[in-house]
Amino acid sequence: MAKRNKNTSHYEKGKYGHIKYYRLRRIIIGSIILACILADLFISLHVLHTRKTLFLVAACVIAIPLARNIVDLIMTIKIKPLKREEYEKVHEISKSSKIPFLYDITITDTDGVEFYPVVSIYNNNVVAFSRSAMDTPSTRRAERFMADINEDARSKARIVICSDLKKFEKEVKKLSAPKDDKQPFYDKKMREKLITMGF
């Protein structure tokens, strides 16, 4: 399960299980908002027998966050996180290589959302697994989304998009330890930036 943040009581971004929790949270919040709208409409139309009430105004206003929740939920429908057995295998790679991995990473921009079930950032290298990278155009799209991580960076990170976990494992094992003492700090900053690039 994903690690719970003690300060916010939410599953942290970058931890396994975040996307499932995010989706469930959107469903619950959307259901509560929808119930409030229906209650406002019922009170206005069936109890007070008029449309000229603040209840109807309130229903219109709170329809805005409902729409946002629906859009966010739609964006997560096609997202497929790692299966539990896949996560356990990948987590063992992280432990044996002593390279931290990020899980359930999304990057959003005007073209939509790109999902990376697992990402490794180490020694100025970004190795990401993407289920959508099945051909050259989709791989380039995944690379383009990930390339935003290099904006304002002190040095451009090498980005490798893997279409399967075997290739991901192979690429991670190629990574060498940093020679610069400051590189772990820069890698950490890059991880923090990546987490803020999506939901």
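Residue numbers run consecutively from 1 along every chain, following the written order of its sequence. In keeping with the predicted nature of the model, local features appear solely for residues at pLDDT of at least 70, side-chain atom pairs appear and are counted solely at 80 or more, and the whole-chain, interface and lining totals rest on all residues. Computation of side-chain values: all heavy atoms of the structure, hydrogens and water removed.

Draft legend 1. Looking closely at the packing of helix α2 (residues 54–61) against helix α3 (residues 63–76). To obtain an axis, a line is fitted to C-alpha atoms, over the contacting stretch when the element is a helix, and the angle between two such axes runs from 0 to 180 degrees between their N-to-C directions. Note on conventions: DSSP H or I runs of at least 4 residues are helices, E runs of at least 2 residues are strands, and numbering of each starts at the N terminus. Two elements in contact, α2 and α3, have axes separated by 4 Å at closest approach and are oriented at 25°. By the angle between their axes, α2 is roughly parallel relative to α3. For the pair α2 and α3, contact is made by A59, C60 and V61 and by A63, I64 and P65, respectively. For this classification, under 35 degrees means roughly parallel, over 145 means roughly antiparallel, 65 to 115 means roughly perpendicular, and everything else is oblique. Throughout, a residue-residue contact means that at least one pair of heavy atoms, one from each residue, lies within 4.5 Å.

Draft legend 2. Representation of empty space enclosed by the protein. A 1.4 Å probe that fits into a set of points on a 1 Å grid over the protein atoms alone but cannot get out defines a cavity; an open set with protein on both sides within 12 Å along at least five of seven lines defines a pocket, and lining residues are those with an atom within 4 Å of a point. Grid points are joined across faces, edges and corners, and a volume is the space filled by probe spheres set on the points. Under the definition given, this model contains one cavity of 30 Å³ or more. Taken as a whole, the largest cavity encloses approximately 40 Å³ of empty space. Lining the largest cavity are K13, G14, H18, D104, I105, T106, L194, I195 and F199. Secondary-structure elements contributing two or more residues to the lining of the largest cavity are β1 (101–109) and α7 (183–196). Among the elements that take part in the lining of the largest cavity, β1 stands out by supplying three residues, more than any other. Each residue gets one of three labels, nonpolar for Ala, Val, Leu, Ile, Met, Phe, Trp, Tyr, Cys and Pro, charged for Asp, Glu, Lys and Arg, and polar for the others, Gly among them. Looking at the lining of the largest cavity residue by residue, the classes come out as four nonpolar, three polar and two charged.

Draft legend 3. Broad picture of the packing of aromatic side chains. When the centres of two rings from Phe, Tyr and Trp lie within 6.5 Å, Trp using its six-membered ring, the rings pair. Their planes under 30 degrees apart give stacked, over 60 give edge-to-face, and anything left gives tilted. Scanning all chains against the criterion turns up six aromatic pairs. Between the aromatic rings of F101 and F168, the centroid separation amounts to 5.4 Å while the plane-to-plane angle is 75°, which identifies the pairing as edge-to-face. Taken together, the residues F101 in strand β1 and F168 in helix α6 (residues 165–174) connect sequence positions 67 residues apart. A relative accessible area of 8% places F101 in the buried class. Seen from their ring centres, F185 and Y186 are 5.7 Å apart, and the 65° between their planes marks the pair as edge-to-face. Remark: exposure states derive from per-residue accessible area (1.4 Å probe, protein chains only) relative to the maximum for the residue type, with buried under 20%, exposed over 50%, and partly exposed in between. The class of Y186 is partly exposed, set by a relative accessible area of 24%. Members of the aromatic cluster, joined through ring pairs, are Y16, Y87 and Y103.

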